[in-house]
Amino acid sequence: MDDLEFIRNCIQADKHAWDEFVQRYSRLIYSYIYSVLKEKGINLDTSLVDDLFQDVFLHLIKDDFKKLRQYQGKKNCSFAGWLRVVVINFVLDFLRKKQPRCVSLEEKLDTDTPALKDTLKDERFALSQDIILDEEELKNLSDCIHELDSEDKFFVEMHIYNGMSLENLRAILNISRSAIDMRKQRLIKKLKDCFQSKGFQLEN
Amino acid sequence: MVMEKIERIIKMAYGFFKQRNSQDGLICPNEEELALFLEAKLSPDESKKIKEHILKCKKCSEVVSLFELKQELLPPSYLMEKAKSLVEDKNDIPLWLEAVIMLKENAFSVIKSSADILLGNEILPLPILRTRKIEEIHQPVSLIKDIENIRIHIEISRLEMMKIKMVIFIQDKTTLQPLTGMRLSLFKEGVELESHFLKEGKVIFDELKPASYEIEVSQNLLNVGRIKLDLPS
């Protein structure tokens, strides 16, 4: 039985198929809820994960399986792949709807994430101790980004900006590990050269 | 892993660039398109379009960046049992009425029926019909059954080309007033064909060919009963 046939059985409220559905996809749903909350720095109390776990199933079946019916299996899209995107979207929507929480700059969200003041210091926008850039310099450097083609921009966005592993990015781009390593080297050299041409000194 | 200095500079420059190049209100690819992209199942052109969208759209970029799973976790079994109980067993929904009706050249023959049959002004159980040797019925046939305080009345009429029309009335048994919040869903061999709210006390299913049908009746989103109707060809 393929994914689509199995999901069609579930949509007919076939109790046996539904039990099998829960058995098959619980691990995926639970893992993604946990992972998204963790990546977003949310305090992971189990009752929140548990509530969202039930809510995802309800989201799939409510209004006569409206959400589950959206899976069409086109171009051989796997059900698990579709469900991953649905769960990520669901948790992000939940977080967006939640009132923004006030976080003190000193507060550590959990042991794995640094306090916000440290994040601001050496992450995306702000300055770390060994790199000092003023807005003019940043603008010049971002011109180098602007000149990249969309393939290279996508690489920077996913791997360097969002921190996606090369292994995962390699799978999405459907290229070999050596090809992606080469692309990274070539891209960094290109940007290094461009930065230097804008008068930015890169001492080691 | 400590990020190399050049990568940290690129990250800062990219953040600066992205702040100025993100757009709101874009039309996003649907979940299946995004999943196909992540599974590398799109053509190079389709894939390029999605990449260009992601570069402009913070929301989709965020979804894609969260796709990587670092740890697999199994939920506690009581949660899985709770999720399973969200869909009830069809066999737990009471079977209100079951009938097998054979369509003939110009008539009906009631092979089996748990409901009574309305003939003229008389409501007769199937065995009485048999003792009266009424094998073929030439007018539209009505099946009537009372379940607690509900009356179910199904009127079946024969259309040309071996098709039938089925009108289902669901009423209060004593007042014969239509019941509110009732939805009827028609399934043919397990596939849902139509679903309607009870309007003016009835729901009409038109142009049905010989097959096995099941009608699920729900009231205020809860399944309350089902009707099985077999029309052998």
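Keep in mind it's a predicted model, so treat the numbers as computed, not measured.

**Re the overall build of chain A**
Of regular secondary structure, chain A possesses nine helices and zero strands. Counted from the first residue to the last, chain A has its helices and strands arranged as α-α-α-α-α-α-α-α-α. A burial count over chain A gives 44% of its 204 residues as buried. Just so you have it, chain A exposes about 10,900 Å², and 49% of that area is on carbon and sulfur atoms.

**A word on the sheet that holds strand β9 (residues 191-197) of chain B**
All names here are of chain B. Spatial strand order, β2-β1-β12-β11-β8-β9: six strands in an open sheet with mixed pairing. Sheet topology places β2 (108-113) and β9 at the edges, where each strand pairs with a single neighbour. Strand-to-strand twist across the sheet, computed as the mean angle between neighbouring axes with direction ignored, equals 25°. Two strands pair when backbone bridges link them, and strand β11 (residues 212-219) and strand β12 (residues 222-230) are joined in this way by eight bridges, in the antiparallel orientation. Across the sheet, the residue bridging to Tyr 213 is Leu 229, located in β12.

**Regarding the interface of chain B and chain A**
Listed by partner, the interface residues are 66 residues for chain B and 87 residues for chain A. Interface area for chain B against chain A, summed over the two sides, is near 7,400 Å², with a carbon-plus-sulfur share of 65%. Lys 75 of chain A is the partner of Glu 46 of chain B in a salt bridge, and the nearest nitrogen-oxygen pair spans 2.6 Å. Those elements that provide at least two residues to the side of chain B that touches chain A are α1 (5-21), α2 (31-38), α3 (44-56), α4 (58-65), α5 (77-84) and β9 of chain B. The leading source of residues in the side of chain B that touches chain A is α1 of chain B, at 16 residues. For the side of chain B that touches chain A, the class distribution of residues is 34 nonpolar, seven polar and 25 charged.

**Some thoughts on the pairing of strand β8 (residues 182-188) of chain B**
All names here are of chain B. Most of β8 sits out of view: five of its seven residues are buried. Bridge count between β8 and β11: seven bridges; the pairing is antiparallel. When the sheet's bridge partners are listed, Leu 186 is paired in β11 with Ile 215. In terms of strand pairing, β8 meets β9 through six bridges, oriented antiparallel. The partner of Leu 186 across the bridge, within β9, is Glu 194. Hairpin connection of β8 to β9: two residues between the antiparallel strands, including Glu 189 at a positive phi of 45°.

**Observations concerning the nonpolar core**
Counting 95 residues, the largest nonpolar core has Phe 21, Ile 29, Ile 33, Leu 68 and Phe 195 of chain A as the members making the most contacts within it. Grouped together as the second largest cluster of nonpolar side chains are 40 residues, Ile 101, Ile 164, Met 166 and Phe 205 of chain B included.

**Observations concerning the side chain of Glu 214 of chain B**
Residues and elements named next belong to chain B. Relative to the helices and strands, Glu 214 resides in strand β11. We classify Glu 214 as buried; its relative accessible area is 15%. A polar contact is formed between the side chain of Glu 214 and the side chain of Arg 226, at a distance of 3.4 Å.

**Digging into the confidence of the model for chain B**
For residues with low pLDDT, the predicted coordinates do not support detailed interpretation. Residues and elements named next belong to chain B. Looking at chain B as a whole, the pLDDT averages 88, with 97% of positions reaching at least 70. Looking at the elements of chain B, mean pLDDT is at its lowest for helix α6 (residues 126-131), recorded as 84, and at its highest for α2, recorded as 96. Here the prediction assigns the complex a pTM of 0.65, and the interface score ipTM is 0.83.

About the cut-offs
Each residue is numbered by its place in its chain's sequence as written, counting from 1. Chains and ligands are labelled by the order in which they are written, letters from A for the one and numbers from 1 for the other. Whole-chain, interface and lining totals are the exception, using all residues; otherwise, since this is a predicted model, local features are given only for residues with pLDDT of at least 70 and side-chain atom pairs are given and counted only at 80 or more. In computing side-chain values, all of the structure's heavy atoms are included and hydrogens and water are not. Every helix listed is a DSSP run of H or I at least four residues long, and every strand listed is a run of E at least two residues long, numbered separately from the N terminus. Accessibility here uses a 1.4 Å probe with only protein chains present; expressed as a share of the type maximum, an area under 20% marks a residue as buried, one over 50% as exposed, and anything in between as partly exposed. In these tables, accessible area is a Shrake-Rupley quantity obtained with a 1.4 Å probe, and a residue counts as shielded only by the protein chains included in the view. In this analysis, strands are considered paired if DSSP registers two or more bridges between them. Axis definition: a line fitted to C-alpha atoms, over the contacting stretch in the case of helices. Angles run 0 to 180 degrees between N-to-C directions. Any two residues having at least one pair of non-hydrogen atoms within 4.5 Å are treated as being in contact. Defined here as a combined quantity, buried area equals the accessible surface (1.4 Å probe) lost by two parts on assembly, summed across both. Salt bridge, as applied in this entry: a Lys or Arg side-chain nitrogen positioned within 4 Å of an Asp or Glu carboxyl oxygen. Each residue is assigned to one class: nonpolar for Ala, Val, Leu, Ile, Met, Phe, Trp, Tyr, Cys and Pro, charged for Asp, Glu, Lys and Arg, and polar for all the others, Gly among them. The nonpolar core is taken to be a set of buried Ala, Val, Leu, Ile, Met, Phe, Trp, Tyr and Cys residues, with the residues joined through side-chain atoms within 4.5 Å. For this analysis, a polar contact is any N or O atom pair within 3.5 Å, provided that within protein one partner can donate a hydrogen and the other can accept it, and provided that sequence-adjacent residues contribute only side-chain to side-chain pairs. The predictor rates its confidence in each residue with pLDDT, a number between 0 and 100.

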